[in-house]
Amino acid sequence: MTHDVNPQAADDNEPTGDASAEPFDPATFDPEAVSGQESELATEVLDFWAATRQYAGMAKASIVVGQTVSETVPPQAWSFGDEPELAEKLLAAVLAGDKTATSSALWDYEDEGAPLPLAGELSILLDGEGHPRALIRTTRVETTTFEQVDEEFAAAEGEDDRTLESWRAGHEAYFRRTLGGGREFAPDMPLVCERFELLYPKP
């Protein structure tokens, strides 16, 4: 199932810590805009990244000479779906190795003004309560339409009985309830289809 759209480090500004800044939202955590001191969950995400970045081929210790900004600043943290129960269900499928793909409406990225995901990008997956549980790496991104999604990709999403029929039924229902801005579901609506690999915990 689709995940919430999250801008990937939109600018080079440092965290301000200003009280007027928006409160930490783990589903749209941007470490360049939210200070870790502003929320226990933000700190939890930062700690999770420090403990798991070695699985992405980055140094574990913060004192390593030559460490880059990308090693200290965590990637985007988000949860699947639009409700805690769905987030938990889809996270479980990822942890079990059943879910290695996800899809989102291209319109969501356009409406949010967010860049599309890129192969090689890392993400921290959150559970239904916003706690970090997994680290994944995007391996492939394709733009297609709802009606062009095939059986193989539907199976890779790892949902329900993993058939194309159930994928279409579940995703049509999801898009009908979540599309905003006057958007309406249509068989030819554009989708962003991502493949990813689970880096931590090891499946």
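Rules behind the numbers
Residues numbered from 1 in each chain as written. Predicted model: local features only at pLDDT ≥ 70, side-chain atom pairs only at ≥ 80, totals over all residues. Heavy atoms only, no water. Core = buried A, V, L, I, M, F, W, Y, C linked by side-chain atoms within 4.5 Å. Buried < 20%, exposed > 50% of the residue type's maximum accessible area, 1.4 Å probe, protein only. Helix = DSSP H or I, 4+ residues; strand = E, 2+ residues; numbered from the N terminus. Expected span 1.5 Å × (residues − 1). Arc of directions from axis to C-beta. Salt bridge = Lys/Arg side-chain N within 4 Å of Asp/Glu carboxyl O. 1 Å grid on protein atoms, 1.4 Å probe; cavity = no way out; pocket = protein on both sides within 12 Å on 5 of 7 lines; lining within 4 Å. Points joined across faces, edges and corners; volume = space filled by probe spheres on them. Nonpolar A, V, L, I, M, F, W, Y, C, P; charged D, E, K, R; others polar.

**Q** Residues and numbers for the nonpolar core, please.
**A** One finds Leu 125, Phe 175, Met 189 and Leu 191 to be the most contacted residues of the largest nonpolar core, which totals 28 residues. Mapped by element, the contributors of at least two residues to this core are helix H3 (84-95), strand E2 (101-105), strand E4 (132-145), helix H5 (151-156), helix H6 (164-178) and strand E5 (190-200). If you look at the next biggest cluster of nonpolar residues, it comprises 11 residues, including Met 58, Leu 122, Ile 124 and Leu 126.

**Q** With reference to specific residues and values, describe helix H1 (residues 40-52).
**A** Over its 13 residues, H1 extends 18 Å from the first C-alpha to the last, a length consistent with the 18 Å expected when each residue adds 1.5 Å. Buried within H1 are the following residues: Leu 41, Ala 42, Val 45, Phe 48, Trp 49 and Thr 52. Down the axis of H1, the smallest arc covering the buried residues is 120°, so these residues share one side.

**Q** Talk me through the pattern of salt bridges; I want residue IDs and the actual numbers.
**A** Oppositely charged side chains may form a pair once their charged atoms are brought near each other. A full pass over the atoms with the stated rule returns 11 salt bridges. A salt bridge links Glu 197 to Arg 137; the shortest N-O distance between them is 2.9 Å. Taken as a pair, Glu 197 in strand E5 and Arg 137 in strand E4 lie far apart in primary sequence, 60 residues in all. Residue Glu 197 is classed as partly exposed on the basis of its relative accessible area, which comes to 33%.

**Q** Describe empty space enclosed by the protein, listing the residues and the values that go with them.
**A** If you walk through the whole model with that rule in mind, you get two cavities of 30 Å³ or more. Its boundaries defined by the atoms lining it, the second largest cavity holds a volume of some 30 Å³. Ala 154, Glu 159, Asp 160, Ser 166, Trp 167 and His 171 together form the lining of the second largest cavity. In terms of residues, the lining of the second largest cavity owes the most to one element, H6, which gives three residues. Broken down by class, the residue content of the lining of the second largest cavity amounts to two nonpolar, two polar and two charged.

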